[in-house]
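Residues per chain, in single letters:
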Amino acid sequence: MLLISKNYALAQKTPENFGYRSMSFKFQDDRVDLIVISKKGEEKTQKPLFFFCQGSLPRPVVVYDEKGLFGTLPFNENNFLNDYHIVIVAQPNIPIIANANTLENDFVYLKDKEKGIPPKGYTDRNYLDYYVFRNNFIIKQLFKERFVSKSKLVVAGHSEGSAIAAKMASLNSKITHLIYSGGNPFGRIVNILSEEKDKKETLNYWKQVVQNANTINYNGGDTYKATYSFSLPQRENLLQLKIPILFTYASKDVVANYNDLFQIEVILERKQNFTFLNYEDLDHNFFPVNEKGIPNYELKNWDKVANDWLKWMKNNK
């Protein structure tokens, strides 16, 4: 009975149990859940938003177990909280909070664990424009809240989240600063092509994707629609922006050469609103790699990257 009660208690955790504030809005008949992370005692203090776009995979935002909370963000958020409220929106049809013991590897939430398939509601909405228009709608709603300052709005995204952040900024004049991290301005398919040995097979796959650009296939992987939408280059959207933009990427990541190439274009266009930070000998998630390309997961560099974000934000008011 005690064991059952303990498990039941764990299942009933809410973001508030960990000092977060949870909010919900309705978008296109969907309930959209989000958390706001604020400095303790300053939850009602008016501050700008730091809006963080999640990367890929159907993961809950808040993950915990009997020992406590796992890192909600890949970096320590405390240094941000003096000046910002942090906002993270849940993935569609994925619970915003979950016990790690109920999740799969990488904290993935699956509806059919045997087949490795996430909920249908997630798969149906897992494409670029859904995230972009949902997030910009959420920003519009949050700007009605008294605790939100409208003087500044920083949107950041890493990996898949970078494409979401870039297109959000191209459509939303409220966004004043953009952090584009670990993304490829030339689109996802370029990453896939760079990583695969069989280029012909990858190009044939891309032909199938383009021919079925709106097809949602439920096989557990990315749908044709998701791959197509995230493969659309964000290069033009980025180049048209006049707000301060920070690029952060790692030299051992597949996106590195494409970020270097984009930087050449930025210089050619004489754009002065871009800053590029290349982290040498690190991988996609900023772990150091050895000469064989094997990452050392004991040495984490996300806090250093996040501190560079903070410095950039302070220098680009």
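Structure shown above.
So, how was this worked out
- Residues numbered from 1 in each chain as written.
- Predicted model: local features only at pLDDT ≥ 70, side-chain atom pairs only at ≥ 80, totals over all residues.
- Heavy atoms only, no water.
- Helix = DSSP H or I, 4+ residues; strand = E, 2+ residues; numbered from the N terminus.
- Pairing = 2+ DSSP bridges.
- Axes fitted to C-alpha atoms, helices over the stretch in contact; angles between N-to-C directions.
- Phe/Tyr/Trp six-rings, centres within 6.5 Å; stacked < 30°, edge-to-face > 60°.
- Buried < 20%, exposed > 50% of the residue type's maximum accessible area, 1.4 Å probe, protein only.
- Contact = heavy atoms within 4.5 Å.
- Core = buried A, V, L, I, M, F, W, Y, C linked by side-chain atoms within 4.5 Å.

Undergrad: Sorry, what's going on with the environment of lysine 314 here?
TA: Along the polypeptide, lysine 314 turns up in helix H10 (residues 302–315). As a C-alpha pair, lysine 314 and phenylalanine 50 span 264 residues in sequence and 13 Å in three-dimensional space.

Undergrad: Explain the sheet that holds strand E11 (residues 274–279) here, please?
TA: Hydrogen bonds between backbone groups are what pair the strands of a sheet, and the pairing can be parallel or antiparallel. Across the sheet, eight strands lie side by side as E1-E2-E6-E3-E8-E9-E10-E11; this open sheet has mixed pairing. Edge strands, defined here as strands with exactly one partner in the open sheet, are strand E1 (21–27) and E11. On average, adjacent strands in this sheet sit at an angle of 20° to one another, irrespective of strand direction.

Undergrad: Please clarify how the packing of aromatic side chains should be interpreted in this entry.
TA: Here the distance between the centres and the angle between the planes together describe a pair of aromatic rings. The tally for this structure, following the rule as stated, stands at 28 aromatic pairs. Ring plane angle 75° and centroid distance 6.1 Å describe the contact between tyrosine 130 and tyrosine 131, whose orientation is recorded as edge-to-face. The exposure class of tyrosine 130 is buried, given its relative accessible area of 6%. For tyrosine 131, a relative accessible area of 1% translates into the label buried.

Undergrad: Please clarify how helix H7 (residues 224–231) should be interpreted in this entry.
TA: Because each turn of an α-helix spans 3.6 residues, side chains separated by three or four positions end up pointing in the same direction. Of all eight residues in H7, seven are buried, a share of seventy percent or more. For H7, the complete set of buried residues consists of Tyr224, Lys225, Ala226, Thr227, Ser229, Phe230 and Ser231. Where H7 is buried, its residues contact helix H3 (128–142), helix H4 (160–171), helix H5 (188–195) and helix H6 (199–211).

Undergrad: How should the nonpolar core be read in this particular structure?
TA: Within soluble globular proteins, side chains that are nonpolar tend to cluster in buried spots. Formed by 50 residues in total, the largest nonpolar core has its most connected members in Phe51, Val155, Met168 and Phe262. Ignoring any residue separated from it by four or fewer positions in sequence, one finds phenylalanine 262 in contact with Pro185, Phe186, Arg235, Leu238, Leu239, Phe247, Phe274 and Phe276. In terms of nonpolar packing, the next biggest core, distinct from the first, is built from 33 residues, Ile37, Val61, Leu81 and Met313 among them.

Undergrad: Any chance you could explain the pairing of strand E4 (residues 62–65) here in plain terms?
TA: Where a strand is regular, its side chains alternate between the two sheet faces. Side chains Val62 and Tyr64 of E4 all project onto a buried face; the interleaved residues Val63 and Asp65 project onto the opposite face, where all are buried too. Pairing of E4 with strand E7 (residues 97–99) involves three bridges; the strand directions are parallel. Bridge pairing links valine 63 to alanine 98 in E7. Of the pairings in the sheet, the one linking E4 to strand E5 (residues 68–69) comprises two bridges and is antiparallel in character. Within E5, the residue paired with tyrosine 64 across the bridge is leucine 69. In textbook terms, the turn of a hairpin is the stretch between consecutive antiparallel strands, and for E4 and E5 this stretch comprises two residues.

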